[in-house]
2 protein chains.
Amino acid sequence: MPQKPSIPKGTRDFSPAEVIKRDYIIQMIKKNFELYGFQPIETPSFENSSTLLGKYGEEGDRLIFKILNSGDFISKVDDVTYSSKNSNSLAPKITEKALRYDLTVPFARYVVMNQNEIDFPFKRYQIQPVWRADRPQKGRFREFYQCDADVVGANSLLQEVELIQLYDAVFSDLKLNGTTIKINNRKVLYGIAEVIGAKRLLVDFTVALDKLDKIGEDGVRQEMLNKGISETAIAKAAPLFGLSGSNANQLAVLKDILQESEIGLQGISELEEIIGDVDKLGLTTSSLRLDVTLARGLNYYTGAIFEVAAPEGVQMGSIGGGGRYDDLTGIFGLKDVSGVGISFGLDRIYLVLEELNLFPQEISVSLDALCLNFGENEGRAALKLVAELRKNGLRADLYPSPTKVQKQFKYADRRKVPYVILLGDKELQEGKFVVKNMTTGDQKTYSLSEPETFIQELNS
Amino acid sequence: MPQKPSIPKGTRDFSPAEVIKRDYIIQMIKKNFELYGFQPIETPSFENSSTLLGKYGEEGDRLIFKILNSGDFISKVDDVTYSSKNSNSLAPKITEKALRYDLTVPFARYVVMNQNEIDFPFKRYQIQPVWRADRPQKGRFREFYQCDADVVGANSLLQEVELIQLYDAVFSDLKLNGTTIKINNRKVLYGIAEVIGAKRLLVDFTVALDKLDKIGEDGVRQEMLNKGISETAIAKAAPLFGLSGSNANQLAVLKDILQESEIGLQGISELEEIIGDVDKLGLTTSSLRLDVTLARGLNYYTGAIFEVAAPEGVQMGSIGGGGRYDDLTGIFGLKDVSGVGISFGLDRIYLVLEELNLFPQEISVSLDALCLNFGENEGRAALKLVAELRKNGLRADLYPSPTKVQKQFKYADRRKVPYVILLGDKELQEGKFVVKNMTTGDQKTYSLSEPETFIQELNS
């Protein structure tokens, strides 16, 4: 019995049409990363477990894929651990490596390891897959690509301004008009927690606040109460629930609430500067909106945080996110290196472009000319012609076997080939070949000794 | 104490300069794959273990990286297995997924799973990393890229001819002149085994024969004897040890040895056809050489086999390899689909190009213009100018912080930026900016309101 093949849950095969579309997005992101002065790096798919564990919270640790040690892995487990039969104690004894969970922690590790070779400030981009043992659902996979751009070693808020422009540039190039870049600042969140006296409950507070859209004001209040945040504190935070209007209006309200929090006011001032500069420089198709409910899960952020929402009407989680982190390299021994970065969610951007029908038609053509195969002799002559076309930069092919002409034409149709070349016995004897334009149906004859005539016509 | 970071044995970080060079090779390979009509697919990094295990021999199974099941993985192990404390019995109970070992088996799995959507013959290419728990050494890593092109569903030997041309096209584009494409045919090897009566010992025979270059004729004889191949059989094979000269000469000798082996003669006839066609079409910088000692380890090959050697004088294992396999999809339930493919060894090609100094100079420039940062106000104005340059397709950047000018110039030097822009307080007041050509040292002044003058000069 042959095996019935399948692929692991949460992973995907990509067909030619899908790879081409994904590549279209990646190339657009890459082009803009380079226009903005970022340089590429790549890190290994798996890291030492110690590099990854403890960096993403307890939940994150659980979602990290661990790689079984090679060879006689059991022999390295002590008897006590083995007889405990406890998966949590056993796992670290039989695995030393793990698949990367994101690109930020490996980047921090890279920066620390290569600090003597790197010219700071260092603007790097990285486009690679990451893996999470998460429950798969729409737009969430166990293997997916992240496309990250980060600057480390520069405190200036102009970095934040540039990253917002970069988001706008990529989405404009992709013709994905109407994206919203949400911005907030962790310092503002700390300030709020300070003012309402729920400092130690900051994470709970922001997680609850983040749900305002989903569960409404009452839901958020209830969740805050459940988490032990006092009625008084919640009352002080109340103006936040109704915060709306222009960025300037929101900033004014926030300034009022935060007047006694030094860190909060610092956050406000940062936001004012960033938003002011972006307004002056202008965005092409995105808009920048202050969103005080934006918190972002990762706890390494310390300043500005971003998240990008798809155009209104498209049901999709954020298609990008990022922020400022002041001490990510500290865990690996390099202090006082501030970083700020953004990430593009390739898979979700793909789904949005697909839904809005924004992939350009022309990328679906992957072959310029197909030469039909009429048999061994004709095939050989065709191969020579095809070689000539390829040398001139045309994507050309000889149909691989001399099957029925109808089948070959069907193949040409399905691959959307614009030109089909007919080089049968008769043409061969006359030293000619016939080209059929698949759009118009027109046929034209060329001399086999002068294929450049056809090539020139195609290129013009 | 902060962690001292490191990366797993046999893996690598790639710096910007390295990524750019790797990408140069990949783009050249990809361009030619597409010119030859191949379409891209991608498969997941990990497969179900059952898809991979048993496909690469016992040694291969040992080298496959297995992924520990998530959650309470121990609870799924039965008591008998657990108390055996045997790594080999335990591994399959606690791992269900494994990192792919090559791209060929996942491709076969893909073809079978998508057989109803695929238009056969199917020409696919795939450029992705693979992982092997091999002992690392020069040019051998635990994570490395394979670049594969395969045709499935076409028996015609013209495929082999095209693949040889494809090798030649890629290496010629890379200016890597003087590569040797070695060719042999598994049928010839079967034929030899048949003639010398060592049919069941074919693998041992070919493995020993393959070492002719390394251990010499006596070594090979000894190894064959050790493996149980008789003196008589080895004597019959003796003409093979001295086989040399032109492809035509070698074919003549082989034909003589194999006159009583039907399969052997079929192999000869295939070789004659392929070599004849390639000779007629011609190669640009590679040469095609019959090498009867070429066996290749993987046992799914059934017809032509290839291996590419770097130019003479470069110490490096094969930089590419491939062959015809008649029933790879059979293991997954799809019979009678013949395939043939080749692979490019990215890492080794990289090392060869590096050794021969063949990477083009221009790819090391990753930024066209760097604007120095003289402070907050100047920085803001510069950001506007930089945005304008980027919109016109120039890779431009503002130095991220207003540090010492000397440090900024040093950065420009190290990044090999051809143009440095000076926009200080004085220039800002005069509405101007100064561009310094870093090659000639010349400086030129432009108006801030007309950056297009500079852009035009740069593009011309």
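None of the values given here were measured: they were computed from a predicted structure.

## Thoughts on the overall build of chain A
Step number 1: Helix and strand counts for chain A stand at 18 helices and 16 strands.
Step number 2: Since a compact globule built from 460 residues should have a radius of gyration of about 23 Å, the 29 Å found for chain A marks it as more spread out than a globular shape.
Step number 3: Expressed along its principal axes, the backbone C-alpha trace of chain A runs to roughly 95 × 65 × 45 Å.
Step number 4: At a minimum sequence separation of 6, the contacts of chain A that also span at least 24 residues come to 69%.
Step number 5: With an accessible surface of roughly 19,500 Å², chain A has 47% of that area assigned to carbon and sulfur atoms.

## Considering the pattern of salt bridges
Step number 1: A complete count under the given rule lists 56 salt bridges over all chains for this structure.
Step number 2: The closest approach of N and O atoms between A:Lys30 and B:Asp23, which form a salt bridge, is 2.9 Å. With A:Lys30 in helix H1 (residues 16-35) and B:Asp23 in helix H1 (residues 16-35), the pair connects residues from two separate chains.
Step number 3: When its relative accessible area of 24% is taken as the criterion, B:Asp23 is described as partly exposed.

## Quick word on the pairing of strand S14 (residues 419-422) of chain B
Residues and elements named next belong to chain B.
Step number 1: Where strand S12 (residues 369-371) and S14 come together, three bridges link them in parallel fashion. The residue of S14 that forms the bridge with cysteine 371 is isoleucine 421.
Step number 2: Here S14 runs beside strand S15 (residues 432-437); their pairing, made up of four bridges, is antiparallel. Paired with valine 420 across the two strands is lysine 436, which belongs to S15.

## Re the interface of chain B and chain A
Step number 1: Each partner contributes residues to the interface: chain B has 109 residues there, and chain A has 109 residues.
Step number 2: Summed over both partners, the interface of chain B with chain A buries about 9,100 Å², with 56% contributed by carbon and sulfur atoms.
Step number 3: Per-residue buried area on chain B facing chain A is highest for B:Gln3, B:Leu35 and B:Lys85; these three make up 7% of the total on that side.
Step number 4: One can count 16 salt bridges joining chain B with chain A.
Step number 5: One salt bridge connects B:Asp119 with A:Arg414, and the closest N-O pair in it is separated by 2.7 Å.
Step number 6: Put simply, chain B and chain A have 41 residue pairs in polar contact (both at pLDDT 80 or more) between them.
Step number 7: With eight residues, helix H15 (residues 376-391) of chain B is the largest single contributor of residues to the side of chain B that touches chain A.

## Let's talk about the relation of the copies chain B and chain A
Step number 1: Least-squares fitting of chain B to chain A yields an RMSD of 0.1 Å, with the transformation described by 0.0 Å of translation along the axis and a rotation of 180°. Considering both components of the superposition, the chain copies are consistent with a two-fold axis. If distances are taken from each C-alpha of chain B to the rotation axis, the shortest is found for B:Ile67, at 2.2 Å.
Step number 2: By residue overlap, the copies meet face to face through one surface: 100% of the interface positions of chain B are interface positions in chain A.

## Regarding the sheet that holds strand S8 (residues 287-290) of chain A
Residues and elements named next belong to chain A.
Step number 1: Across the sheet, which stays open at both edges, the eight strands sit in the order S1-S5-S6-S11-S10-S9-S7-S8 with mixed pairing between neighbours. Of all strands in the sheet, those with a lone pairing partner are strand S1 (39-40) and S8, marking the two edges.
Step number 2: By the bridge criterion, two bridges tie S1 to strand S5 (residues 122-131) in an arrangement that is parallel. If you follow proline 40 over to S5, its bridge partner there is tyrosine 125.
Step number 3: Lying over the sheet, helix H13 (residues 262-281) contacts strand S7 (180-185), S8 and strand S9 (304-309), oriented at roughly 155° with respect to S7.

## A look at helix H10 (residues 212-226) of chain B
Residue and element names in this part refer to chain B.
Step number 1: Taking 1.5 Å per residue, 15 residues should reach 21 Å; H10 reaches only 16 Å between its end C-alpha atoms and comes up short.
Step number 2: Of all bends in H10, the biggest is about 75°, found at aspartate 218.
Step number 3: Those residues of H10 that fall on the buried side of the exposure criterion are Leu212, Val220, Glu223 and Met224.
Step number 4: On its buried side, H10 packs onto helix H9 (202-210) and helix H11 (231-241).
Step number 5: Directly after H10, the chain includes glycine 228, whose backbone phi takes a positive value near 95°.

How each quantity is defined
- Residues numbered from 1 in each chain as written.
- Chains lettered and ligands numbered in written order.
- Predicted model: local features only at pLDDT ≥ 70, side-chain atom pairs only at ≥ 80, totals over all residues.
- Heavy atoms only, no water.
- Helix = DSSP H or I, 4+ residues; strand = E, 2+ residues; numbered from the N terminus.
- Rg over C-alpha atoms; globule rule 2.2 N^0.38 Å.
- Contact = heavy atoms within 4.5 Å.
- Areas by Shrake-Rupley, 256 points an atom, 1.4 Å probe, with all protein chains shown as cover.
- Salt bridge = Lys/Arg side-chain N within 4 Å of Asp/Glu carboxyl O.
- Buried < 20%, exposed > 50% of the residue type's maximum accessible area, 1.4 Å probe, protein only.
- Pairing = 2+ DSSP bridges.
- Buried area = accessible area lost by both parts, 1.4 Å probe.
- Polar contact = N/O pair within 3.5 Å; in protein donor to acceptor, adjacent residues only side chain to side chain.
- Least-squares fit on C-alpha atoms with pLDDT ≥ 70 in both.
- Axes fitted to C-alpha atoms, helices over the stretch in contact; angles between N-to-C directions.
- Expected span 1.5 Å × (residues − 1).
- Bend = angle between axes of the 7 residues up to and from the residue.

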